[in-house]
Amino acid sequence: MLRNTLWNLLGEGLPMAAALLSIPWLISAVGMERFGALTLIWALLGYLGVLDLGLGRSLVQVVADRIGHGAEHASGSADSSANSSANTAGIAGPAIALMGAIGLLTGGVVALGAGLLADRFQLETGTSPEEIRNSLLVAAAIVPIALVSAGLRGVLEAHQRFRPISLVRMTVGVLNYLSPLCVLPFSQSLVPVIAAIAVGRFIGLVGYGILAVRQLPDLLRPGRWGRPSLRGLFTMSAWMMLNNLVGPAMLYADRFILLSLVPAAMVAFYTTPFELLSRLMVIPGALSLALFPLASSLFRRDPPALGRILDAGGHLTLAVFLVMQAATIVGGETALELWLGPAFAANSASVLSILMLGVFFNATAYVPNTLIQSVGRVDVTARLQMAELPVYLGVLWLLAERYGAVGAAVAWSLRTAVDCGLLLVLLPRLAPGTGAVALTIGLRALLAGAAGLAGLLVGGPVGAAISLTGLLAVGLGVAGRLLRTRSWEKLAAPLRKTRPAAALPAPMIDGRAIDGAATDRP
């Protein structure tokens, strides 16, 4: 589990380093106006990349269930292995094909609306609407590539092939930021820059395809797919789709609302620190990716284990992001100045500090969100986001209209704090035995957030001292908890003591089973 977490971190960490190196050069070469437009196109791709009807994430769970079912009943014969491969491909193949079709449809919509989208960019330094429109046309071609890649990656994740996944992800991520630098000596237009990014995404598609076919050769043999039930896949994907639509909408809405209120150059003062801090979310993301199958298994074998998982994962996340928050207070403005210059730092330092508070709460929410989904209640997280969205958009518009980038940062950070608190409140209702730990983590996160907020309101060296004192007090409690409970050792104990269950009950959504292979098990 820890090895997989480290590979996941490496797969995201190297692209983040590439971003740190390339962004100053991109700003210098294409100008602040074009770079602001580029960040918005990145945001658009990030949002459209999850319009897969929830199939990407659901595919991981359903294929993993089919793999475990096949191993449990395998007889060791060649026919048994062939049937297992065909059954698994019968789930994965149609899902990936459907994701490709959705990608083509979505890309076509973007291409048709490229002209209207181009008119929304408030550029004033020579970037023509035609350049933006052509850039969006190239970006539209990336959408089906991204969705098919997500499906192929889901097959590999279900087989726990995290090392090769991370190697391909590192390649694609590095090319996403460094490949535009290769075209800048020849042109400063956004069109070849986006085309270079598209080439990197296509290389990733080829890499995932080769790995997935090696793992599951029947992906290329539709005639051997058989007739497995896809009902479970589509049941879970329906709720995953809502998560995938609403979550990114709240993540990227701030940029587009800002774009409608301020010039694109001002948007860059917000999106650049946001992009930098959002890369930190690879840490809880990598941890959650490793914890998800563990939590799903232990919930049925040893239900109290969810409390231990929350204790270990939640406090480890708190420890890491308390350090991150303290580092931002001490050296955030200086780092911005060294990275992008004094003028940029003067406009973005306060935005960086406010967003760091939001990132802290967002990271803390990852483990409870993962545990809720691991017990099959994807519907809970989807409904929560749907309830939050209209309130957040209203607050975001009001604050951004009045305070610009600072107001948008405040709105986003408030939303993440509320979301974290609600998840910690809901988790004990769905996973009994997690209440005491959820309360402890919630109180410590609240105290850390209050310390950071107090420092921002006071300002200057005195405010920094207040924040650091509060963070140190919370950090001592978190460190003591991690050292005293030794939760990571306890997590593995049930797996060592308990034999694999012969037949585990399927996860439930609204009281209905979502087993993707139940109808055709032998």
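Everything that follows concerns the structure shown earlier in this document.
Throughout what follows, the structure given in this document is the object of discussion. For clarity, every value in this text was computed on a predicted model and none was experimentally measured.

1. Topic: helix H11 (residues 305–340)
Phase 1 of the analysis: Over its 36 residues, H11 extends only 46 Å from the first C-alpha to the last, a length that falls short of the 52 Å expected when each residue adds 1.5 Å.
Phase 2 of the analysis: Of all the bends in H11, the greatest measures close to 65° and is centred on Gly 331.

2. Quick word on the packing of aromatic side chains
Phase 1 of the analysis: Overall, the coordinates contain 4 aromatic pairs when judged by the stated rule.
Phase 2 of the analysis: Between the NZ or CZ atom of Arg 415 and the centre of the ring of Tyr 392, over which it lies, the distance is 5.6 Å.

3. Considering the environment of Ser 179
Phase 1 of the analysis: For Ser 179, the location among the structural elements is in helix H6 (residues 162–183).
Phase 2 of the analysis: Exposure remark for Ser 179: the relative accessible area of 10% places this residue in the buried category.
Phase 3 of the analysis: Leaving out residues up to four positions away in the same chain, Ser 179 has contacts with Val 174, Ala 196 and Ile 197.
Phase 4 of the analysis: A distance of 3.4 Å separates a polar atom in the side chain of Ser 179 from the backbone oxygen of Ala 196.

4. Quick word on the pattern of salt bridges
Phase 1 of the analysis: Evaluated as defined, the whole model comprises 4 salt bridges.
Phase 2 of the analysis: The closest approach of N and O atoms between Asp 311 and Arg 481, which form a salt bridge, is 3.3 Å. Of this pair, Asp 311 sits in helix H11 while Arg 481 sits in helix H16 (residues 460–485), and the two are 170 residues apart along the sequence. Both residues of the pair, Asp 311 and Arg 481, belong to the buried class.
Phase 3 of the analysis: Taking the shortest distance from any N to any O, the salt bridge between Asp 379 and Arg 383 comes out at 3.2 Å. Taken as a pair, Asp 379 and Arg 383 lie in helix H13 (residues 378–403) at a separation of 4 residues, close to a single helical turn.

What counts, and at which threshold
- Residues numbered from 1 in each chain as written.
- Predicted model: local features only at pLDDT ≥ 70, side-chain atom pairs only at ≥ 80, totals over all residues.
- Heavy atoms only, no water.
- Helix = DSSP H or I, 4+ residues; strand = E, 2+ residues; numbered from the N terminus.
- Expected span 1.5 Å × (residues − 1).
- Bend = angle between axes of the 7 residues up to and from the residue.
- Phe/Tyr/Trp six-rings, centres within 6.5 Å; stacked < 30°, edge-to-face > 60°.
- Lys NZ or Arg CZ within 6 Å of the ring centre and 35° of its normal.
- Buried < 20%, exposed > 50% of the residue type's maximum accessible area, 1.4 Å probe, protein only.
- Contact = heavy atoms within 4.5 Å.
- Polar contact = N/O pair within 3.5 Å; in protein donor to acceptor, adjacent residues only side chain to side chain.
- Salt bridge = Lys/Arg side-chain N within 4 Å of Asp/Glu carboxyl O.

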